Amino acid sequence: MKMKICLMPGDGIGPEIVEQAVMVLDKVADKFGHTVEYTEALIGGVAIDATKNPLPDETVAKCKAADAVLLGAVGGPKWDTLPGDQRPEKGLLGIRKALGLFANLRPAKLFPELSKACFLRPDIVQDGIDVMVVRELTGGIYFGQPVGRDVRDGKRAAFNTMVYDEEEVRRIARLAFEAAMKREKRLCSVDKANVLEVSRLWREVVEEVAKEYPEVELSHMYVDNAAMQLVRNPNQFDVIVTGNLFGDILSDEAAVITGSIGMLPSASLGASGPGLYEPIHGSAPDIAGQNKANPLATILSIAMMLRYAFDLSKEAEVIETAVQKVLQEGYRTGDIMEEGKSLVGCNTMGNLVAERI
Ligand code: NAD
């Protein structure tokens, strides 16, 4: 297969971790006989420095021309004093919009080797955690109209609107069912259908889409219960699908219980066109340029890219297995270091994974 990939290393540790991920991808491509063609584009602070714009038009064009996009991270203290619309983060929001990315896939995976870092009781996580949260990204209460303030009965009031139309629900539901088909074929749709009309429509449409996926076992759960169940017994879940607001909260909850921000990849997908693959962590300016960053979240983002953009599950598994082997052998970057393990830098960690492909 021929893959066209746009790289956006961005700021801080971005370039270091993207370099390691590219090395691993090259190794996988070589092993399986694929060819990878790279382009590189500016985003965030480095784009501001070069063009005064966190998302130059050229970057959008390069992303659109690719099959998939790999992002390092954006932001840092150097640009923190700029006005909101000129900040590095604006580049990230802009590229998500330009590529029409309406779904955010956030696996919260805890390798059993790192279970000591987890915030949950050892008996709950001895076999690790493996949950995927699929969050709707472009609708719901964050974007619904009308939004505003007025005065009601002489008191200041403010309002937002939670709204989804059936098509918005259908497309995210389909994507979540597809994700479940690539995993254990269990999908839990999270809503608040006991209270919210929006959730009742959500549930109705998810049930309709379920008919297209008879192999997937569908369940529904109220969001308050889901927040509890995630810490009580995260492994009861395979894939969770939910709206923007609930997904914002649950995906962070699922991530933080693993205790290892440097290990978590993500994918943002649209209806067609390239998806955006990136680690969930930021640009870590405190350790940038010191060969201390953990490149594994970015390397695992490549695995997601192979699985979701190119349908290459075997290649994805080879990467995930190589990462697990390196952890089993006791190698750790500083952020996941434990007593008795071998401390390595960003480059060595990348090399160790590549050697095990
Ligand atoms: P951060 O995720 O960059 O860092 C939080 C802490 O985790 C830091 O101590 C950092 O050293 C550590 N850390 C993060 N990733 C690591 C890795 N791969 N290896 C080892 N340690 C790692 O969050 P922050 O400090 O709140 O934000 C720093 C900058 O990143 C800010 O400018 C913020 O706006 C930006 N940010 C960008 C993104 C993104 O690009 N998607 C996401 C979050 C934050």
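Cut-offs applied
Residues numbered from 1 in each chain as written. Predicted model: local features only at pLDDT ≥ 70, side-chain atom pairs only at ≥ 80, totals over all residues. Heavy atoms only, no water. Axes fitted to C-alpha atoms, helices over the stretch in contact; angles between N-to-C directions. Helix = DSSP H or I, 4+ residues; strand = E, 2+ residues; numbered from the N terminus. Parallel < 35°, antiparallel > 145°, perpendicular 65-115°, else oblique. Left-handed = near helix turned anticlockwise from the far one by under 90°. Contact = heavy atoms within 4.5 Å. Nonpolar A, V, L, I, M, F, W, Y, C, P; charged D, E, K, R; others polar. Pairing = 2+ DSSP bridges. Right-handed = clockwise from strand over helix to strand, strands pointing away. Phe/Tyr/Trp six-rings, centres within 6.5 Å; stacked < 30°, edge-to-face > 60°. Lys NZ or Arg CZ within 6 Å of the ring centre and 35° of its normal. Domains from an automatic or database assignment. Salt bridge = Lys/Arg side-chain N within 4 Å of Asp/Glu carboxyl O. Polar contact = N/O pair within 3.5 Å; in protein donor to acceptor, adjacent residues only side chain to side chain. Buried < 20%, exposed > 50% of the residue type's maximum accessible area, 1.4 Å probe, protein only. Near = heavy atom within 4 Å. Areas by Shrake-Rupley, 256 points an atom, 1.4 Å probe, with all protein chains shown as cover.

Quick notes on the packing of helix α10 (residues 296-308) against helix α11 (residues 313-328)
Geometry of a packed helix pair, given as the angle between the helix axes and the separation of the axes.
Now for step 1: Packing of α10 against α11 leaves a shortest axis separation of 7 Å and a crossing angle of 160°. With respect to their mutual orientation, α10 and α11 come out roughly antiparallel. For the element pair α10 and α11, the recorded crossing hand is left-handed. In this structure, α10 contributes L296, I299, L300, I302, A303, L306 and R307 to the contact, and α11 contributes S313, E315, A316, E317, I319, E320, V323 and L327.
Now for step 2: A per-class count over the contact of α10 with α11 returns ten nonpolar, one polar and four charged.

Describing the pairing of strand β2 (residues 35-40)
Now for step 1: Both strand β1 (residues 2-10) and β2 contribute to a ladder of six bridges, which runs parallel. Among the inter-strand pairings, I5 is bridged to a residue of β2, identified as Y38.
Now for step 2: Handedness of the crossover joining β1 and β2 through helix α1 (residues 14-32) is recorded here as right-handed.

Quick notes on the packing of aromatic side chains
Now for step 1: On inspection of all chains with the given rule, the structure shows two aromatic pairs.
Now for step 2: Aromatic pair F177 and Y213: ring centres 5.0 Å apart, planes at 5°, arrangement stacked. Of the two residues, F177 sits in helix α6 (residues 166-181) while Y213 sits in the loop between α7 (197-210) and β9 (217-222), which places them 36 residues apart along the sequence.
Now for step 3: Above the ring of F102, the side-chain terminus of R171 is found at 4.0 Å from the ring centroid.

Examining the domain arrangement of the protein chain
Much of the literature gives interface size as the accessible area that the parts lose upon coming together.
Now for step 1: With domains assigned, the protein chain is organised as domain 1 (1-99 + 273-357) and domain 2 (104-263).
Now for step 2: Tallying the contact residues gives 20 residues for domain 1 and 18 residues for domain 2.
Now for step 3: Where domain 1 touches domain 2, the interface holds two salt bridges.
Now for step 4: K116 serves as the salt-bridge partner of E338, at 3.9 Å between the closest nitrogen and oxygen.
Now for step 5: Counting across the domain 1 and domain 2 interface gives six residue pairs in polar contact (both at pLDDT 80 or more).
Now for step 6: Among the secondary structure elements, those contributing two or more residues to the side of domain 1 that touches domain 2 are α10 and α11.
Now for step 7: It is α10 that provides the largest number of residues to the side of domain 1 that touches domain 2, a total of six residues.
Now for step 8: In terms of residue class, the side of domain 1 that touches domain 2 is built from nine nonpolar, four polar and seven charged.

Notes on the pattern of salt bridges
Now for step 1: In this structure the tally under the stated criterion is 26 salt bridges.
Now for step 2: For E184, the salt bridge goes to R186, with nearest N and O atoms at 2.7 Å.
Now for step 3: E184 sits in the exposed class, given a relative accessible area of 52%.
Now for step 4: One salt-bridge network, held together by shared partners, links E166, E167, R170 and E208.

Structural notes on the environment of L269
Now for step 1: Checked against the element boundaries, L269 lands in strand β11 (residues 265-269).
Now for step 2: In the structure, L269 is positioned 168 residues away from L101 in sequence and 4.8 Å away in space, judged by C-alpha atoms.
Now for step 3: Look past the residues within four positions of L269 in its chain and what remains in contact with it is G100, L101, F102, A103, L105, L175, G275, Y277 and Y308.

So, the site of the ligand
Now for step 1: Taken together, 19 residues are adjacent to the ligand, and E89, G282, A284, D286 and N294 come closest.
Now for step 2: Contacts to the ligand include S283, whose backbone N or O atom sits 3.1 Å from an oxygen atom.
Now for step 3: At 2.8 Å from a nitrogen atom of the ligand is found a main-chain nitrogen or oxygen belonging to N294.
Now for step 4: Considering the ligand on its own, with 800 Å² of exposed area, one finds that the protein chains cover 68% of that surface.

Regarding the side chain of E278
Now for step 1: As for its placement among the helices and strands, E278 is situated in strand β12 (residues 275-279).
Now for step 2: Of the residues examined, E278 reaches a relative accessible area of 6% and is grouped as buried.
Now for step 3: The contact partners of E278, leaving out residues within four places of it in the chain, are L71, L92, R96, P265, S266, S268 and S301.

Concerning the sheet that holds β12
Now for step 1: The strand order across the open sheet formed by ten strands is β2-β1-β3-β12-β11-β4-β5-β10-β8-β9, and the pairing between neighbours is mixed. Each of the sheet's edge strands pairs with one partner strand only, and the pair in question is β2 and β9. Averaged over neighbouring strand pairs, the angle between their axes works out to 25° when direction is ignored.
Now for step 2: Bridge count between strand β5 (residues 129-136) and strand β10 (residues 239-242): four bridges; the pairing is parallel. Bridging across to β10, V133 finds its partner in I240.
Now for step 3: Relative to β9, α7 is tilted by about 170°, and along the sheet it contacts β5, β8 (186-191), β9 and β10.

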